[in-house]
Amino acid sequence: MISLFLCMCLGISITVWFTLLLVFIIVPAILGVSFGIRRLYMKTLLVIFEWATLRMERGAKEKNHHLYKPYSNGIIAKEPSSLEQEIHELRGSANSLRSEPEFEMADIFYFCRRGVESIVDDEVTKRFSAQELESWNLLTRSNYNFRHISVRLSALWGLGVLIRYGFLLPLRLTLAVTGVGLLLVLTTMVGFLPNGETYLSEKVHLICYRICVRALTAIITYHNRENKPKNGGICVANHTTPIDVIILANDGCYSMVGQVHGGLMGIIQRAMVKSSPHIWFERSEVKDRHHVAKRLGDHVADKTKQPILIFPEGTCINNTSVMMFKKGSFEIGCTVYPVAIKYDPRFGDAFWNSSKFGIVNYLLRMMSSWAIVCSVWYLPPMNREEGEDAVQFANRVKAAIAAQGGLVDLLWDGGLKRAKVKDAFKEEQQKLYSKVLVGDQDQDDLSEDTLVPDERINEDDIDTDSVKGLCIQCEPTPEHIVLTHESVSEE
Amino acid sequence: MGSRASTLLREEEIEEIKKETGFSHSQITRLYSRFTSLDKGENGTLSREDFQRIPELAINPLGDRIINAFFPEGEDQVNFRGFMRTLAHFRPIEDNEKNKDPTASEPLNSRTNKLLFAFRLYDLDRDDKISRDELLQVLRMMVGVNISDEQLGSIADRTIQEADQNGDNSISFNEFIKVLEKVDVEQKMSIRFLH
């Protein structure tokens with residue numbers, strides 16, 4: 001009797017659960033409307049976080065301890081000056097015409113100080129780990145030195161764990177499974193319809209991505225939608241996480257670029273291709289730069305096909321900066337639609353640190369955070385100008401994206417996450433110093449002679465680098481399932 | 001994951017480091033955060049590879065010499081205390097420190113200690129003398145392949161000639177100090193640490 005009763009209860013609760021799910025989440029996803037529940041949730045969370053911060057500050061004052069403040073303004077103040085400038089200052093004279101090479105033992109101070117400055121704070125390594133938060137957001141994973149946690153705060157944290165793992169995570173997993181399942185089923189069905197049937201395939205894609213967005217509780221604000229990418233162009237965006245794809249595809253239809261995969265990912269890829277034109281490369285094809293460029297070129301030439309989505313950085317960066325854009329996508333010669341994506345880390349840091357977590361671990365962390373909040377800005381389309389080469393064009397686009405998203409614009413290559421920096425950059429520094437010693441024989445442009453890589457050197461490495469830049473990047477572990485590409489280290 | 005910085009750095013340790021190096025409490029905590037982020041092996045010490053992972057340091061022509069300065073003789077790992085001790089050399093010299101306890105040992109960031117740090121960058125075999133050979137090697141590191149052996153040799157010869165006073169064809173620490181007496185060492189070998 002009791003077991004029957006329990007079964008009935010279980011049955012009823014599951015039915016109720018699914019009905020609620022359907023009404024509040026899936027139906028709005030299909031129709032493309034929103035009840036505004038997520039925004040309300042976000043506002044509530046913000047209030048709670050502020051309260052938590054106040055309590056921690058109060059706790060710190062009571063115990064007369066120092067409250068840890070992350071170095072949002074930097075640990076040290078660096079002065080931007082060039083090698084030439086500093087060495088002349090060291091010597092106290094400014095003679096540029098010398099017949100004999102002049103060396104001073106004090107010259108070493110410049111290299112010494114720059115070296116130690118970079119040990120204390122450098123521009124590159126801090127981009128490959130999640131950024132530190134100003135205040136605690138009740139997640140253990142972002143607790144760096146917030147140790148003034150009172151009993152009340154711990155209770156709140158415990159409640160948070162219960163809600164996140166007991167309620168939100170199962171909910172989100174259900175949605176994710178539904179979303180992916182629907183994608184597979186519906187795209188296959190649409191595939192049976194005659195070719196050129198774009199309306200239904202677009203709708204199908206949008207529905208599935210909307211469900212996936214709700215599966216992550218992603219609260220996205222789109223700005224300047226009048227600049228949305230159009231057919232026959234390429235959409236470029238800064239890369240923080242594989243979720244970027246879902247965020248963008250939620251609002252428009254893009255053709256993805258990537259490597260063919262096995263397993264679940266391969267199934268998804270094959271299903272997607274049945275209803276809309278995506279560009280999947282065999283592993284062997286990726287190395288062939290011309291082949292890749294041709295396929296992309298053909299795609300954009302066909303004005304009926306959707307815009308291509310590409311992440312030129314080639315790897316995930318932690319959303320505080322934009323790193324070097326590989327020039328491959330900018331050589332194709334079509335209109336580029338830049339998009340800037342900025343995540344709000346307070347609700348859950350979306351950055352995928354692939355050296356720390358695999359993809360499954362990462363997705364679970366995402367689904368057990370509070371929410372993923374981000375802003376997407378569509379920037380006005382850009383074209384390559386007269387006399388501008390691909391590298392300059394890439395830098396121009398990168399600067400625009402960085403400016404819009406409030407990110408630091410860096411010249412460094414994102415591939416430095418794994419690969420060692422090329423010797424050519426050190427040789428450049430040595431060349432600059434030699435010029436100071438023996439005088440300027442040829443008037444080269446010395447304006448970039450702070451310790452930063454010279455873009456021109458990258459031209460030697462065009463072949464495999466630019467091809468990698470064309471594909472949506474992902475980290476080279478065999479178990480991940482997202483749209484992937486080569487990694488820099490696989491040379 | 002979890003609270004890395006606080007659980008491993010106790011208040012007593014912070015106080016000790018404060019006394020030894022002169023850094024403030026918040027500076028020490030921040031530098032500890034930096035130390036742990038460089039420590040990929042998460043074992044509380046840094047190895048040479050951890051330093052070489054910093055691109056801006058890797059392209060510095062004297063990067064290897066600077067990294068070497070952090071490691072005591074014959075050791076391959078540096079802990080946080082050693083890290084801070086070396087960094088302390090680059091603290092700016094503040095006037096009020098000169099009036100502190102006159103019997104206390106010289107602070108790590110005194111002019112002499114800054115010069116000693118630079119001297120050790122040249123002195124490859126740590127024998128307290130910069131020989132012509134050592135000077136040549138360091139020069140070669142700084143200029144790469146852009147200057148010929150003869151030119152570099154004559155630069156080294158001229159430098160030693162100007163600095164050497166006791167005729168032993170090498171530069172001792174005192175001779176080094178003399179050569180650099182007009183240089184604003186305090187400013188050039190100091191880093192502005194923010195509070």
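Worth saying up front: this structure is predicted, and the values here are computed from it rather than measured. (Residues numbered from 1 in each chain as written. Chains lettered and ligands numbered in written order. Predicted model: local features only at pLDDT ≥ 70, side-chain atom pairs only at ≥ 80, totals over all residues. Heavy atoms only, no water.)

**Details of the UniProt feature "transmembrane region" (unreviewed entry) in chain A**
Consideration 1: In the UniProt entry, the feature "transmembrane region" (unreviewed entry) is given for residues 12-37, 149-167 and 173-193 of chain A.
Consideration 2: Here residues 12-37 of chain A is 81% helix and 0% strand, with 25 Å between the C-alpha atoms at its ends. (UniProt positions renumbered as here; feature names shortened; annotations may be inferred. Helix = DSSP H or I, 4+ residues; strand = E, 2+ residues; numbered from the N terminus.)

**A closer look at the UniProt feature "domain: Phospholipid/glycerol acyltransferase" (unreviewed entry) in chain A**
Consideration 1: The UniProt feature table records "domain: Phospholipid/glycerol acyltransferase" (unreviewed entry) at residues 233-344 of chain A.
Consideration 2: Counted over residues 233-344 of chain A, helix gives 33% and strand 25%. Its end C-alpha atoms are 29 Å apart.

**Some points on the interface of chain A and chain B**
Consideration 1: Between chain A and chain B, the contact holds 62 residues from the first and 61 residues from the second.
Consideration 2: Taken together, both faces of the contact between chain A and chain B bury some 5,800 Å²; the carbon and sulfur share is 68%.
Consideration 3: When the buried area of chain A at its contact with chain B is split by residue, Met105(A), Phe109(A) and Ile119(A) rank highest and sum to 14% of it.
Consideration 4: For the interface between chain A and chain B, the tally reads one salt bridge.
Consideration 5: Asp122(A) is the partner of Arg34(B) in a salt bridge, and the nearest nitrogen-oxygen pair spans 2.8 Å.
Consideration 6: Elements that contribute at least two residues to the side of chain A that touches chain B include exactly strand 1 (76-77), helix 3 (83-91), helix 4 (108-120) and helix 13 (423-438) of chain A.
Consideration 7: Counting residues per element, the side of chain A that touches chain B draws most heavily on helix 4 of chain A, at 12 residues. (Contact = heavy atoms within 4.5 Å. Buried area = accessible area lost by both parts, 1.4 Å probe. Salt bridge = Lys/Arg side-chain N within 4 Å of Asp/Glu carboxyl O.)

**Notes on the nonpolar core**
Consideration 1: Core analysis: the biggest nonpolar cluster contains 74 residues, and Phe103(A), Phe109(A), Phe51(B), Phe83(B), Tyr122(B) and Phe176(B) have the highest contact counts within it.
Consideration 2: With residues near it in sequence (within four places) discarded, Phe83(B) still touches Ile119(A), Leu31(B), Phe35(B), Leu46(B), Phe51(B), Phe70(B) and Val78(B).
Consideration 3: Counting 51 residues, the second-largest nonpolar core is a separate cluster that includes Ile211(A), Tyr254(A), Ile268(A) and Tyr362(A). (Core = buried A, V, L, I, M, F, W, Y, C linked by side-chain atoms within 4.5 Å. Buried < 20%, exposed > 50% of the residue type's maximum accessible area, 1.4 Å probe, protein only.)

**Concerning the UniProt feature "domain: EF-hand" (unreviewed entry) in chain B**
Consideration 1: The UniProt record marks residues 26-61, 110-145 and 151-186 of chain B with the feature "domain: EF-hand" (unreviewed entry), using the residue numbering of this structure.
Consideration 2: Split by type, residues 151-186 of chain B is 61% helix and 6% strand. Its first and last C-alpha atoms lie 31 Å apart.

**A few points about the pairing of strand 8 (residues 335-344) of chain A**
Residue and element names in this part refer to chain A.
Consideration 1: Of all 10 residues making up strand 8, eight are buried, and the element is well covered by its neighbours.
Consideration 2: As defined by bridge partners, strand 3 (residues 233-237) adjoins strand 8 across five bridges and the pair is classed as parallel. What sits directly across from Ile-234, in strand 8, is Val-336.
Consideration 3: In this sheet, strand 9 (residues 372-378) lies alongside strand 8 in antiparallel orientation, the contact comprising six bridges. Within strand 9, the residue paired with Ala-340 across the bridge is Trp-377. (Pairing = 2+ DSSP bridges.)

**Points about the pattern of salt bridges**
Consideration 1: The tally for this structure, following the rule as stated, stands at 26 salt bridges over all chains.
Consideration 2: When the shortest N-O distance is used, the salt bridge between Lys326(A) and Asp413(A) registers 3.0 Å. Taken together, the residues Lys326(A) in the loop between strand 7 (321-322) and strand 8 and Asp413(A) in the loop between strand 10 (408-409) and helix 13 connect sequence positions 87 residues apart. Grouping residues by exposure puts Lys326(A) and Asp413(A) together as buried.
Consideration 3: Across the pair Glu13(B) and Arg10(B) runs a salt bridge whose closest N-O atoms are separated by 3.6 Å.
Consideration 4: For Glu13(B), a relative accessible area of 19% gives the class buried.
Consideration 5: Relative accessible area serves as the criterion here: at 45%, Arg10(B) is assigned to the partly exposed category.

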